[in-house]
There are 2 protein chains.
Amino acid sequence: MPRTAPSPKSAEPAPRAKARRPRAEPGDVFDFQSNALGYQLRLAQLRAFDLFFEMLAPLDLSPARVTALSLIAMSPGTNQAALAKALNVAGPSALKLVDGLESAGWIRRVEVEGDRRRYSLQLTEQGQARLAQLREKLAEYEARLTTGLSAVERQQLMDLLGRLAR
Amino acid sequence: MPRTAPSPKSAEPAPRAKARRPRAEPGDVFDFQSNALGYQLRLAQLRAFDLFFEMLAPLDLSPARVTALSLIAMSPGTNQAALAKALNVAGPSALKLVDGLESAGWIRRVEVEGDRRRYSLQLTEQGQARLAQLREKLAEYEARLTTGLSAVERQQLMDLLGRLAR
DNA sequence: TATTGTTATACTCTATAACTATA
DNA sequence: TATAGTTATAGAGTATAACAATA
């Protein structure tokens, strides 16, 4: 992604008559990035994802899986339909998240007595045991993501983002 | 996506012995979202994308296409290889962006005399004419995205995001 | 040999529609 | 009839590998 201009060109000599092509510079009327919040958001998101996968891929986790795992940990016994609704994704998407968490050993599907249509989603013993490690990793991730920001600035950023997503 | 807790439960009576399941609440040790900047970033990004497509789909544009279009408008005559490098995407991805912009009537591939391998990417007359409209739409998009933020807060957010993506 | 653009292919994430088995 | 979970399928986005034409 083009983050910034290659270099300031203000010190360059003016173009000589027709010797140069009309090549616009960042900051001109066709520069739809430099002052675009949507674009900055996209770049920040890309950086956050890169860092996330770098740090958490060894645990077989993606951002979406962590969210799903967190919901299951907070509401043990929940089912896929409730999970899909809470995550605001379609049924098959929730199913894949559950499949992923299950094959990575984090959770298990348990039959529900009284309703043979649904599964109760529960942490495995291994998953339970690994939650502490995950919490540490996530704290480390957040720390690295906000390297260079003070605690106050980090909170400011959270607040401003929250007011955006409202 | 689960944005906030359903409601504060602090006013509830304490659980009676074994009458309740151990159901954790947001803010507890398994809540990996509430205080996670990465998560807030994801939500804000989702909101930004939704709004973008709502407002700019009629122009056959996606965020990536706008970035590509902007680069072409700022560097008329550039080619796909240069575009791919500037966008930090693989060749076939740049090709699809160019295909999309071309079939939407924004740009055209022009043969380059002296090097029959490459195309010169240029705005069409129609594309040229629609740039002003696009600029307006993007300004309106930014305004709607930051509804509720002051100009100072918007700039703060840009700066903080920039320091994140560094 | 290297470069430009292209095609073929694959993988991920997302969605909808249709199916099954249960309720 | 409605619900829970699943399968099949499709589309957007990304990537790599292999290829043709040209330099």
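Parameters at a glance
- Residues numbered from 1 in each chain as written.
- Chains lettered and ligands numbered in written order.
- Predicted model: local features only at pLDDT ≥ 70, side-chain atom pairs only at ≥ 80, totals over all residues.
- Heavy atoms only, no water.
- Least-squares fit on C-alpha atoms with pLDDT ≥ 70 in both.
- Contact = heavy atoms within 4.5 Å.
- Salt bridge = Lys/Arg side-chain N within 4 Å of Asp/Glu carboxyl O.
- Helix = DSSP H or I, 4+ residues; strand = E, 2+ residues; numbered from the N terminus.
- Buried < 20%, exposed > 50% of the residue type's maximum accessible area, 1.4 Å probe, protein only.
- Near = heavy atom within 4 Å.
- Polar contact = N/O pair within 3.5 Å; in protein donor to acceptor, adjacent residues only side chain to side chain.
- Nonpolar A, V, L, I, M, F, W, Y, C, P; charged D, E, K, R; others polar.
- Buried area = accessible area lost by both parts, 1.4 Å probe.
- Expected span 1.5 Å × (residues − 1).
- Bend = angle between axes of the 7 residues up to and from the residue.
- UniProt positions renumbered as here; feature names shortened; annotations may be inferred.
- pLDDT = per-residue confidence, 0-100.
- Core = buried A, V, L, I, M, F, W, Y, C linked by side-chain atoms within 4.5 Å.
- Phe/Tyr/Trp six-rings, centres within 6.5 Å; stacked < 30°, edge-to-face > 60°.
- Lys NZ or Arg CZ within 6 Å of the ring centre and 35° of its normal.

### Some remarks on the relation of the copies chain A and chain B
Here is step 1 of the chain: Here chain A sits on chain B after a turn of 180° about the axis and a move of 0.0 Å along it, with an RMSD of 0.1 Å. Classification of the inter-copy transformation places it as that of a two-fold axis. For chain A, the minimum C-alpha distance to the rotation axis belongs to Leu157 of chain A and amounts to 3.2 Å.
Here is step 2 of the chain: When the interface residues of chain A are mapped onto chain B, 100% of them again fall at the interface, so both copies present the same face.

### Points about the pattern of salt bridges
Here is step 1 of the chain: For the structure shown, the criterion picks out 16 salt bridges over all chains.
Here is step 2 of the chain: The shortest N-O distance in the salt bridge between Arg118 of chain A and Asp115 of chain A comes to 3.3 Å.
Here is step 3 of the chain: Arg154 of chain B is paired through a salt bridge with Glu142 of chain B; the nearest N and O atoms lie 2.8 Å apart. Taken as a pair, Arg154 of chain B in helix 6 (residues 151-165) and Glu142 of chain B in helix 5 (residues 125-145) lie far apart in primary sequence, 12 residues in all.
Here is step 4 of the chain: On the accessibility criterion, Arg154 of chain B (14% relative accessible area) is buried.
Here is step 5 of the chain: Beyond isolated ion pairs, a larger network of salt bridges with shared partners links Asp99, Glu102 and Arg109 of chain A.

### What about the protein's contact with DNA strand C?
Here is step 1 of the chain: Neighbouring DNA strand C are 18 residues; Arg116 of chain A together with Gln80, Ala81, Leu95 and Arg117 of chain B lie closest to it.
Here is step 2 of the chain: Take the atoms of DNA strand C that sit within 4 Å of the protein: sugar and phosphate atoms are 69% of them.
Here is step 3 of the chain: The backbone of Ala90 of chain A places a nitrogen or oxygen atom 3.2 Å from a phosphate oxygen of DNA strand C.
Here is step 4 of the chain: Arg116 of chain A has a polar backbone atom sitting 2.8 Å from a phosphate oxygen of DNA strand C.
Here is step 5 of the chain: When residues of the surface near DNA strand C are assigned to their parent elements, the largest contribution, three residues, is made by helix 4 (residues 91-103) of chain A.
Here is step 6 of the chain: Taken together, the residues of the surface near DNA strand C break down into seven nonpolar, four polar and seven charged.

### Some words on the interface of chain A and chain B
By a widespread convention, an interface's size corresponds to the accessible area lost as its parts come together.
Here is step 1 of the chain: Between chain A and chain B, the residue contacts involve 69 residues of the former and 69 residues of the latter.
Here is step 2 of the chain: Buried surface at the junction of chain A and chain B, both sides included, amounts to about 6000 Å², of which 61% is carbon and sulfur.
Here is step 3 of the chain: At the boundary of chain A and chain B, one finds two salt bridges.
Here is step 4 of the chain: For Arg163 of chain A, the salt bridge is made with Glu153 of chain B, and the minimal N-O distance between the two is 3.0 Å.
Here is step 5 of the chain: Inspection of the chain A/chain B interface yields 24 residue pairs in polar contact (both at pLDDT 80 or more).

### Section: the protein's contact with DNA strand D
Here is step 1 of the chain: Close contacts around DNA strand D come from 18 residues, with Gln80, Ala81, Leu95 and Arg117 of chain A together with Arg116 of chain B the closest.
Here is step 2 of the chain: Among all atoms of DNA strand D positioned within 4 Å of the protein, those belonging to sugar or phosphate total 72%.
Here is step 3 of the chain: Contacts to DNA strand D include Tyr119 of chain A, whose backbone N or O atom sits 3.1 Å from a phosphate oxygen.
Here is step 4 of the chain: The greatest single-element share of the surface near DNA strand D, amounting to three residues, is contributed by helix 4 (residues 91-103) of chain B.
Here is step 5 of the chain: Looking at the surface near DNA strand D, its residues break down into seven nonpolar, four polar and seven charged.

### Observations regarding the side chain of Ser70 of chain A
Here is step 1 of the chain: The residue Ser70 of chain A is located in helix 2 (residues 63-74) in this model.
Here is step 2 of the chain: Sequence-distant contacts of Ser70 of chain A, that is, excluding residues within four places in its chain, are made with Phe30, Asp31, Phe32 and Gln33 of chain B.

### Details of helix 5 (residues 125-145) of chain A
One full turn of an α-helix is made of 3.6 residues, so residues set three or four places apart face in the same direction.
All names here are of chain A.
Here is step 1 of the chain: The first and last C-alpha atoms of helix 5 sit 30 Å apart over 21 residues, in line with the 30 Å expected at 1.5 Å per residue.
Here is step 2 of the chain: Helix geometry: helix 5 is bent most strongly at Leu131, by close to 35°.
Here is step 3 of the chain: Residues Gly127, Arg130, Leu131, Leu134, Leu138, Tyr141, Glu142 and Leu145 constitute the buried set of helix 5.

### Thoughts on the UniProt feature "coiled-coil region" (unreviewed entry) in chain A
Here is step 1 of the chain: UniProt's feature table lists "coiled-coil region" (unreviewed entry) at residues 124-151 of chain A, given in the numbering used throughout.
Here is step 2 of the chain: Note that residues 124-151 of chain A is 79% helix and 0% strand, and that its end C-alpha atoms are spaced 35 Å apart.

### A word on the confidence of the model for chain A
Here is step 1 of the chain: Per-residue confidence for chain A gives a mean pLDDT of 86; residues scoring 70 or more make up 84%.
Here is step 2 of the chain: The low-confidence segment residues 1-21 of chain A (pLDDT under 50) makes 20 contacts with residues lying over four places distant or belonging to another chain.

### Re the nonpolar core
Here is step 1 of the chain: If you look at the biggest cluster of nonpolar residues, it comprises 80 residues, and the most contacted ones within it are Trp106 and Leu134 of chain A together with Trp106 and Leu134 of chain B.
Here is step 2 of the chain: Dropping the residues within four chain positions of it, Leu134 of chain A is found in contact with Leu56, Leu59, Leu61, Leu69 and Trp106 of chain A together with Phe32 of chain B.

### So, the packing of aromatic side chains
Residues and elements named next belong to chain A.
Here is step 1 of the chain: Inspection of every chain in the model, using the stated rule, returns six aromatic pairs over all chains.
Here is step 2 of the chain: On the basis of an interplanar angle of 75° and a centroid distance of 6.1 Å, the ring pair of Phe52 and Phe53 is categorised as edge-to-face.
Here is step 3 of the chain: For Phe53, a relative accessible area of 38% gives the class partly exposed.
Here is step 4 of the chain: An aromatic cluster of at least three residues, connected via ring pairs, comprises Phe49, Phe52, Phe53 and Tyr141.
Here is step 5 of the chain: Note that Arg130 overlies the ring of Trp106, its terminal NZ or CZ placed 4.3 Å from the centroid.

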